[in-house]
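The chain contents come next:
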Amino acid sequence: MCGIVGMHNHADETLLAAMLAATEHRGRDNTRFETYDHRCGLGINRLSIIDLERGDQPLHNEDGTVHVVCNGEIYNHEAIAADLPPSHEPSTRSDAEVISHLYEDHGNDCVELLDGMFAFVLFDSRSKSFLAARDPLGIKPFYYVRQGTRHYFASEAKALLETGAEPEAVRSLPPGFRLTEQGEEQYYYLASHKSVPDVDRLRALLDHAVRKRLMADVEVGTFLSGGLDSSIVTALAQRHKPDLKSFTVGMEGSPDVEAAILVAEHLGVEHHLRTFTVDEMMEALPEAVWHVESYNPSMVTGAVVTLMGARLAKEIGVKVVLCGEGSDEIFAGYKAVREMQSAELQEASWTLLNNLHKTELQRLDRMSMAVSLEARVPFMDRDLVEYALNLPTAVKIAEVDGRTVEKWILRKAFDGLLPDEIVWREKMPFDQGSGGREIIEWVSRMVSDDDLAEARERWPEAGLASKEMLFYFRLWQEHFGQMGGRRVFDMFGDYPVMMEGIANRTSESGS
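Only a predicted model underlies this, so the values are computations on that prediction, with no experimental measurement involved. (Residues numbered from 1 in each chain as written. Predicted model: local features only at pLDDT ≥ 70, side-chain atom pairs only at ≥ 80, totals over all residues. Heavy atoms only, no water.)

Draft legend 1. Examining the overall build of the chain more closely. Counting its secondary structure elements, the chain contains 21 helices and 19 strands. When the 511 residues of the chain are sorted by exposure, 63% land in the buried category. Summarising the internal contacts of the chain: among those between residues at least 6 apart in sequence, 72% fall at separations of at least 24. (Helix = DSSP H or I, 4+ residues; strand = E, 2+ residues; numbered from the N terminus. Buried < 20%, exposed > 50% of the residue type's maximum accessible area, 1.4 Å probe, protein only. Contact = heavy atoms within 4.5 Å.)

Draft legend 2. Looking closely at the layout of surface pockets. By volume, the largest pocket is sized at about 250 Å³. Lining the largest pocket we find 13 residues, and of these Pro136, Pro175, Gln186, Tyr188 and Asn354 sit closest to its centre. Per-element accounting of the lining of the largest pocket gives the leading share, three residues, to helix α11 (residues 342-354). Here the lining of the largest pocket is built from residues that sort into 10 nonpolar, three polar and no charged. (1 Å grid on protein atoms, 1.4 Å probe; cavity = no way out; pocket = protein on both sides within 12 Å on 5 of 7 lines; lining within 4 Å. Points joined across faces, edges and corners; volume = space filled by probe spheres on them. Nonpolar A, V, L, I, M, F, W, Y, C, P; charged D, E, K, R; others polar.)

Draft legend 3. Quick peek at the packing of helix α8 (residues 278-292) against helix α9 (residues 297-316). At a minimum axis distance of 8 Å, the contact between α8 and α9 shows a crossing angle of 100°. On the basis of their axis angle, the class for α8 and α9 is roughly perpendicular. Taking contact as the criterion, the partners of Glu280, Met281, Ala284, Leu285, Glu287, Ala288, Val289 and Val292 in α8 are, on α9, Met299, Val300, Thr301, Ala303, Val304, Val305, Leu307, Met308 and Arg311. Taken together, the residues that form the contact of α8 with α9 break down as 13 nonpolar, one polar and three charged. (Axes fitted to C-alpha atoms, helices over the stretch in contact; angles between N-to-C directions. Parallel < 35°, antiparallel > 145°, perpendicular 65-115°, else oblique.)

Draft legend 4. Main features of a negative patch on the surface. On the surface, Glu62, Asp63, Glu89 and Asp105 cluster together into a negatively charged patch. Residue classification places Glu62 among the partly exposed residues on the basis of a relative accessible area of 33%. (Patch = residues over 30% accessible without salt bridge, like charges linked within 9 Å, V, L, I, M, F, W, Y side chains within 5 Å. Areas by Shrake-Rupley, 256 points an atom, 1.4 Å probe, with all protein chains shown as cover. Salt bridge = Lys/Arg side-chain N within 4 Å of Asp/Glu carboxyl O. Lys, Arg positive; Asp, Glu negative; His and termini not counted. Charge placed at Lys NZ, Arg CZ, Asp CG, Glu CD.)

Draft legend 5. Inspection of the pairing of strand β18 (residues 397-400) at higher detail. In this sheet, strand β19 (residues 403-406) lies alongside β18 in antiparallel orientation, the contact comprising four bridges. Its bridge partner lying in β19, Ala398 is registered against Val405. Between β18 and β19, which pair antiparallel in sequence order, lie two residues; one of them, Asp401, sits at a positive phi of approximately 55°. (Pairing = 2+ DSSP bridges.)

Draft legend 6. Summary view of empty space enclosed by the protein. Enumeration over the complete set of coordinates arrives at five cavities of 30 Å³ or more. A volume near 730 Å³ is recorded for the largest cavity. Lining the largest cavity are 45 residues, and of these Asp328, Lys427, Met428, Pro429 and Phe430 sit closest to its centre. Counting only elements with at least two residues in the lining of the largest cavity, the list comes to α6 (228-240), β14 (245-250), α9, α10 (327-331), α12 (360-369), α16 (430-433) and α21 (499-503). Sort the elements by how many residues they give to the lining of the largest cavity and α9 lands first, with five residues. Among the residues forming the lining of the largest cavity, the class breakdown is 15 nonpolar, 14 polar and 16 charged. Computed from the structure, the second largest cavity encloses a volume of approximately 210 Å³. In terms of lining residues, the second largest cavity is bounded by 21 residues, among which Arg46, Leu47, Gln57, Cys70 and Gly72 are the most central. Among the elements of the structure, β3 (40-46) and β5 (66-74) are those that each provide at least two residues to the lining of the second largest cavity. Per element, the largest residue contribution to the lining of the second largest cavity is four residues, and it comes from β5.

Draft legend 7. The pattern of salt bridges, seen in detail. Summed over the entire model, instances satisfying the criterion amount to 42 salt bridges. Linking Asp51 and Arg54 is a salt bridge whose minimum nitrogen-to-oxygen distance equals 3.3 Å. Residues Arg338 and Glu426 are paired through a salt bridge, measuring 3.4 Å at the closest nitrogen-oxygen approach. Taken together, the positions of Arg338 in the loop between α10 and α11 and Glu426 in the loop between α15 (420-423) and α16 put the pair 88 residues apart, joining distant regions of the chain. With a relative accessible area of 12%, Arg338 lands in the buried category. Under the relative-accessibility criterion, Glu426 is labelled partly exposed at 46%.

Draft legend 8. A look at the environment of Arg150. When you line up the elements, Arg150 lands in strand β9 (residues 150-154). For Arg150, a relative accessible area of 12% gives the class buried. Sequence spacing of Arg150 and Met7 is 143 residues, and the spatial spacing of their C-alpha atoms is 7.3 Å. Filtering out sequence-adjacent residues up to four positions away, Arg150 remains in contact with Val5, Gly6, Met7, His8, Asp12 and Val145. At 3.0 Å, the side chain of Arg150 and the backbone oxygen of Gly6 are in polar contact. There is a polar contact of 2.7 Å between the side chain of Arg150 and the side chain of Asp12. (Polar contact = N/O pair within 3.5 Å; in protein donor to acceptor, adjacent residues only side chain to side chain.)

Draft legend 9. A look at the sheet that holds strand β6 (residues 116-124). A sheet is described by the order of its strands in space; here six strands give the open sequence β4-β5-β6-β7-β11-β12, paired in antiparallel fashion. Edge positions in the sheet fall to β4 (59-60) and β12 (183-186), since each of these pairs with one other strand and no more. Note: β5 against β6, nine bridges, orientation antiparallel. Bridge pairing in β6 links Val66 to Asp124. The strands touched by helix α3 (residues 97-106) are β4, β5, β6 and β7 (129-134); relative to β5, the strand with the most contacts, the crossing angle is about 125°.

Draft legend 10. Quick look at α9. With 20 residues, α9 should cover 28 Å at 1.5 Å per step; its first-to-last C-alpha distance of 29 Å lies within 8% of that length. For α9, the tally of buried residues reaches 16 of 20 residues, placing the bulk of the element in the interior. Its side-chain oxygen at 3.0 Å from the backbone nitrogen of Ser298, Asn296 defines the N-terminal cap of α9. Of the residues one or two after α9, Gly317 is the one with positive phi, at around 105°. (Expected span 1.5 Å × (residues − 1).)

Honestly, that's just the spatial picture; any functional story needs more than this.
Below, the structure is given as structure tokens:
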């Protein structure tokens, strides 16, 4: 998705085409843009998921005065369409088209009625105004640059390099915010009431989240790492889709590979497995850094493994995958928070969730879209997030037989659905369980102590915490130069709560 509001001449059409070309990997089914009133241009590289024949974007209202491009999925679009007044006549089954009709009836508040993962830009030809918005949890990305009366929008920051904007001008629209000529405005606030523990409710919420995300006119599969979260998602999806395909990548003999094979055999799903080597990881590093738009070590190694999994799913012919990301943030799954007291844990969990759009969700979005694959995250269903995040600490982290067990209530809710070895398996970071952390020693040997000291002095704003991080930062700079300026660490290098562990991590250390 790309857009320009405040166009001046035909050169802007060339610029919009260049912005789309920079992100063509996000959707190779169709690339299209339109301009309106010599003031606005909207375009998208489409990945066709709903209404394959008629759903090309930009989409419009009945009289062609409201135009919209949207990246993502609106899961309640059928319910919205069914409840539209008779004056509305949708011309497609596209989930994105309902945005234009809701806008006609509700104005800028239309975004509050959407349930899904989305980033969209809408232009109203009548008022010559625009509305842009990002979903409440930031599952889908949204970057923009404002230059005077001009606004540039893009799904990935790299597209904004085409505008020639100053490095510090690139902004990320926060989750749950909308943007107009007047600036950013928050429209969503996460509920903070204390939830009552109930395994039946938890099962129902997650099952509903999975079923909702099976909506598609194309084949849907799952990423199966063999960890608790992806195994639960795969098990629930298989109940509603018996011919489900699952995908696993990892080093031969790695914990994730062995666990994923066990889960797939237990569920009877069609399982596709591919192993990789450290050499193959090293070869994929530059491409992974370019796509993930981060130099944080955890992001980069996880990105390489995710990219390999996305390629496997795409080769098999799947266009959509369900994934387990987000569970650790809402159920306190990370080792870094395991010993925290209740108030500290709650604060850390909120921080992790509020930054998820630039950590694990960013990794998942960029690596799946790198091969035109859509990734959906049931654990990031808004109802589930609000319930789980506010559960008492005692049901998230519990002492069982002398062992500290993270995500206890989630395990308890799905005990019996999967083998005990999976339900009660100790949390391992994705890049560690898959074997991806074997690369750490390789890249660290390529950076000396003097290299790190010199780089820290030269780029103090980059927050370079380790030799590994400097290695990735050098790759990142080759692609993005000075993008982010003084805010480069905050936008492209930080991983709040986790940085101490990341700075000192090894192939054997935990999350």
